[in-house]
Amino acid sequence: MISSYLALRLPNHQLHCMKNIVIIGNGIAGITAARHIRKLSQHRITVISSETRYFFSRTALMYVYMGHMKFEHTQPYENWFWEKNNIDLVEDHVVKVNGQNKTIQLRSGQHHSFDILIIASGSVSNKFGWPGQDLRGVQGLYSKQDLDLLEQYAPNNKECRQAVIVGGGLIGIELAEMLQSRNIPVTFLVREKSFWSNVLPEGESAMITRHIKEHGIDLRLNTNLKEILSNNQGRVRGVVTEDNVEIPCDLCGLTPGVSPNISYLEGSDIETDRGILVDEYLQTNIENVYAIGDCAQLRTPTQGRKAIEAVWYAGRMMGETLAWHLCEKPRKYRPGPWFNSAKFMDIEYQTYGNVSNTPSERERHLYWENRNDNKAINIAYDPVTGKFLGINTLGIRLKHEYFDQCLRSEIPVETVIEHLEKANFDPEFYRNYFQDIKESINQQISIA
Amino acid sequence: MKTNPSMSIASAPPSNATVLQRVWAIFGVAALGILLLAAFNVDFPNKTWWFTGSLITLTLSIILYSYEAYRHHPPGIKNNQVWQKSLTNRGLWGWLLGIGITFFYIILYFYPQFLGLNNEGENTGIIGFFDPLSQILSGNPASQWFVYGTLYTIAILAFGIKFLWKYRHNPYERIRTFSVMFFQTGFAFLIPELMARLNSDSFSLPYYDLKNIWPLNYYNFEQYRVDSFISAGDIGIALLVFGIISILVITPILTYYYGKRWYCSWVCGCGGLAETAGDPFRQLSDNSLFAWKVERWVVHSVLVFSVLMTTAVIHSYLGYDAEKYWLNKDVFLLLVAGLLTLVFALVWIFKKQELKKDARYGAIGYFSIISGLIVLHYLTGSNVFLFQAESLRSWYAFLIGAVFSGVIGTGFYPIFGNRVWCRFGCPMAAILGLQQRLFSRFRITTNGGQCISCGNCSTYCEMGIDVRAYAQKGENIVRASCVGCGICSAVCPRGVLKLENGPLEGRINSDAVLTGNDLDLLDLIKEEKTSE
């Protein structure tokens, strides 16, 4: 439907210079690029993935294990969508890329040529060389295959009597919640002194820390992993911490973050650092070879953003941008203010702009919380200029659009606070905390 | 042996039921067992006590079971193992329950004598078992409908309390559930029974659940009821007028301000059961594009059928002579034709651009069929809609009133989800839906670029709306079928969805873009979306 319609709309010269676009990876970055390219052009699109045939939402894998959804529910498009939109799906694994010759080699032995290559191969779970990290029953949680492994090693609390999770980030807490849904006791080892305190300021981090404990998870802070122990069948039987405490377990989840999945590019002519280095057009050192999503590392990130952003939203925006760049006129990747979200067990978290865990002199925080209800808001501003820098919210839904505008227009923090209830996105009849928040925050400002 | 990972997903995780939960489940089954024994004419000594005891045990066991299920967990979304349990994943228990309920409905609608209904002498069986309660309330012996109404109300109350616990963190869900519990107990159950007490030899009102609005209440304007209303004097006339303005005035106003949710998930009895007893099955509703296509044709066809049937029935008992009473056969037909033409014309003039191709075909098609049949009637003197009014009525009552709304609508909860009737069959939902889509302040808004396409919203939408398809594009959800239950918003892990009433302008925003990217680029994407 879309393609036949576009055929009528596109000028003739575009029909005559159809390009062969190959996309490595069918995650949110690659698929967003594919969809937008299809909307804008008649280019031939091939998406290669060895993970799954159809695009699924990686962030939703946890809900499959917990039984909230079946795997097919995590697929945002019905299976007929791809053929109808003339997007070729290839189930294979890329083993080699040759940028200059414009070819890739697949595990099946096939070679594919391309006019344009988009690398969107995502991340791999970090492993820091711990002894025993490759035992059976030791795993991260990133891919569909990881989910299958988890079903194999932790199907219930008889097969898996106890689990240990190492690494206190977003995936770690998700994995803890997942295992708990099957009544598997979880010990959660976190290097920091408080959960996710390398990202969250003290108040928020403390609230989540309390919440994790309330859920009956054995959270051990300031704890590092030393070694993973094996039984005589090569399966994990326990871990040892750096304090020489041994914790028996049948599953060890390693969740100390992710890094770009680029090992298959070793020896290729594509320049990499931690990730695939790309310029502001998302192009690598080789013309017509691009990288987007988790695996890309921006040589010059825009202000307030990081070089590698392994989040759903960045992948999607890069895909969007690159499609327009390829199909219309040159276009730089210039994302707006940072935003992100997560859910820690029952507490929803949203963030807009930048609120650092350890604020500098040029960043002051205005913090409000309601402990009983697990609600908190933290507003960051520059005490010198009075400029609003960002906001964290726990348990209260706030509008993205409101803060996006506030941050882009660089308005003073007082103005943001004055109209804060305009940003309320909580469902109807929810208790309104804004009066309370404003009073508390205005008091803090007047003291400051 | 190598474990097949995809097989292991299907294997059930350990049951989380506590000992107490099992105990309460056994009590509940025992109470149902007593009712079943009564159905088989087992004679209980002290019938009243056994009866009261079984109903109270049934109610309490549901409530205590739920309390046990939720009290150990902090407030929050409770969907663990939904797709791994046989009952809620179309497994053996799901099928058995579905067959069981279906069987009950077939007996209830078509063979009430097996339940002990006896029009000549005293009731026996389970209906006889309910006689004492019916005597207290209405002063009359029970009927199969009294048994059904009582069990229905117990289901909404007990499973309503379960729902209240399940969503105790969510005020919207709590208030809404109180509302359906109130309307079921008061309006559907107690008031009509107590109204029956007012009846005497000289004064008689028909059984009237005031919130049950035509065309859901398809029999409201049948001759026996209208005669009865009229002969009951001022009160009767007031009720008749209320029935008419309910659909023509009250409903459009409330739907304009709040969307169809004011009825479908706050007031309606079918909705009430779906939201409480049916809640564990909401994820079974098919949310494919194909199902949506089927839904649109089927539900609007039922609406047309109900309009034709009601018109024919009313037409059949009106007089010919306008001198005797102004509303005669001809005036009535012209009124109906006029009203339909007016609605059609208004939609065509003001909302044509919002109708998709198949909606236009459907609208034109149905409009021409109805007006064509009316013209044909005048030209050839045939029956109004070719068939005898009575056969239209009895076919409607059988196909739609009994089979669709009861047997399929509720019996198939564990197979097709809890809103099959509301979605595919309810003519009232169809009317409210048309209005909600075209002329209402209600919409579900999405929160900028925060959607992660996880699919919880689409999975738990009982109306099978692919909510995610809109959320991941940043578009508002404005769909005829949305009953505003609010569960999509509740299960969203990233705070993306919000049910809102707001100005009509910008309500349908199919040009929306996802906040967060370069503004110039977003403008271009917006332009492209508009030109689509």
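Fair warning: this is a prediction, and the values are worked out from it, not measured in the lab.

> What am I meant to see in the overall build of chain A here?
When you go through chain A residue by residue, the secondary structure sums to 12 helices and 25 strands. For chain A, the C-alpha radius of gyration of 24 Å lies close to 22 Å, the compact-globule estimate for 448 residues. Judged by the C-alpha coordinates and their principal axes, chain A covers about 65 × 65 × 40 Å. Looking at chain A as a whole, 61% of its 448 residues are labelled buried. For chain A, contacts bridging at least 24 residues in sequence account for 61% of all contacts bridging at least 6. With an accessible surface of roughly 18,400 Å², chain A has 46% of that area assigned to carbon and sulfur atoms. Treating the 48 positive side-chain charges of chain A as one cloud and the 53 negative ones as another, the clouds have centres 3 Å apart.

> How should I be thinking about the environment of A:S194 in this particular structure?
Residue and element names in this part refer to chain A. Tracing the backbone through its elements, the reader meets S194 in the loop between β11 (186-189) and α8 (202-214). Relative accessible area serves as the criterion here: at 13%, S194 is assigned to the buried category. In this structure, the C-alpha to C-alpha distance between S194 and N372, residues 178 residues apart in sequence, is 19 Å. For S194, the residues in contact, after removing those within four places along its chain, are S205, A206, T209 and L221.

> Got a minute to help me understand helix α5 (residues 125-137) of chain B in this structure?
In an α-helix there are 3.6 residues to a turn, and that puts residues three or four apart on one side. Residues and elements named next belong to chain B. The sharpest bend along α5 measures roughly 40° and falls at D131, with the proline P132 sitting one to four residues further on. With 10 of its 13 residues buried, α5 lies for the most part within the structure. Considered for burial, the residues of α5 that qualify are G125, I126, I127, G128, F129, F130, D131, P132, S134 and L137. Buried positions along α5 lie against α2 (19-39), α3 (47-71), α6 (144-166) and α7 (171-198). A positive backbone phi angle near 80° is found at G139, which sits one or two residues after α5.

> I would appreciate a short explanation of the domain arrangement of chain B in the present structure.
The extent of an interface is frequently quoted as the accessible surface area lost upon association of the parts. Residue and element names in this part refer to chain B. Considered domain by domain, chain B is made up of domain 1 (12-83 + 111-198), domain 2 (210-438) and domain 3 (439-531). Distance between the C-alpha centres of domain 2 and domain 3: 29 Å. With 29 residues of domain 2 in contact, the opposing surface of domain 3 contributes 29 residues. Taking both sides of the interface into account, the surface hidden between domain 2 and domain 3 amounts to around 2,500 Å²; carbon and sulfur atoms contribute 51%. Broken down residue by residue, the surface that domain 2 buries against domain 3 is led by Y256, R261 and R282, which jointly contribute 27%.

> Just to check I follow, could you spell out the packing of aromatic side chains for this structure?
Each aromatic ring pair is characterised by the separation of its centres together with the angle its planes make. Scanning the entire structure with this criterion turns up 54 aromatic pairs over all chains. A ring pair is formed by A:F429 and B:W266, whose centres lie 6.1 Å apart and whose planes are at 55°; its orientation type is tilted. Taken as a pair, A:F429 in the loop between α11 (413-418) and α12 (434-447) and B:W266 in the loop between α10 (261-264) and α11 (269-275) lie in two separate chains rather than in one. Take B:W266: its relative accessible area is 15%, and that puts it in the buried class. Among the aromatic residues, those joined into a cluster by ring pairs are B:F104, B:Y105, B:Y109, B:F110, B:W145, B:Y148, B:Y152, B:W395 and B:F398. Over the ring of A:Y142 we find A:R58; its NZ or CZ atom is 4.3 Å from the centre of that ring.

So, how was this worked out
For every chain, the first residue of its written sequence is number 1, and the numbers climb from 1 along that sequence. Both sets of labels track the order of writing: A upward for chains, 1 upward for ligands. The predicted origin of the model limits local features to residues at a pLDDT of at least 70 and limits the giving and counting of side-chain atom pairs to 80 or more, whereas totals for whole chains, interfaces and linings rest on all residues. Values reported for side chains reflect all heavy atoms of the structure, with hydrogen atoms and water molecules removed beforehand. Only DSSP runs of H or I covering at least 4 residues are called helices, and only runs of E covering at least 2 are called strands; the numbering of each starts at the N terminus. Each radius of gyration is computed over the set of C-alpha atoms, and the globule rule expresses the reference value as 2.2 Å times the number of residues to the power 0.38. A simple rule labels every residue: compare its accessible area, found with a 1.4 Å probe on the protein chains alone, to the largest value its type can have, and call it buried under 20%, exposed over 50%, or partly exposed in between. Note on definitions: a residue-residue contact is assigned when non-hydrogen atoms from the two residues lie within 4.5 Å. For the area figures, the Shrake-Rupley method with a 1.4 Å probe applies, and any residue is considered shielded solely by the protein chains shown. In this tally Asp and Glu are treated as negative and Lys and Arg as positive; neither His nor the chain ends contributes. Where a charge sits is defined by one atom per residue type, namely NZ (Lys), CZ (Arg), CG (Asp) or CD (Glu). A residue's bend is the angle separating two fitted axes: one through the seven residues that end there, the other through the seven that start there. Segmentation of the chain into domains, including their bounds, is taken from an automatic or database domain assignment. The buried area of a pairing is the accessible area, by a 1.4 Å probe, that goes missing from both parts when the two are put together, added over both. Centres within 6.5 Å are what make two rings of Phe, Tyr or Trp a pair, Trp counting through its six-membered ring; a difference in plane orientation under 30 degrees is then read as stacked, over 60 as edge-to-face, and the rest as tilted. Only when the NZ atom of a Lys or the CZ atom of an Arg is both within 6 Å of the ring centre and within 35 degrees of the ring normal do we say a charge sits over the ring.

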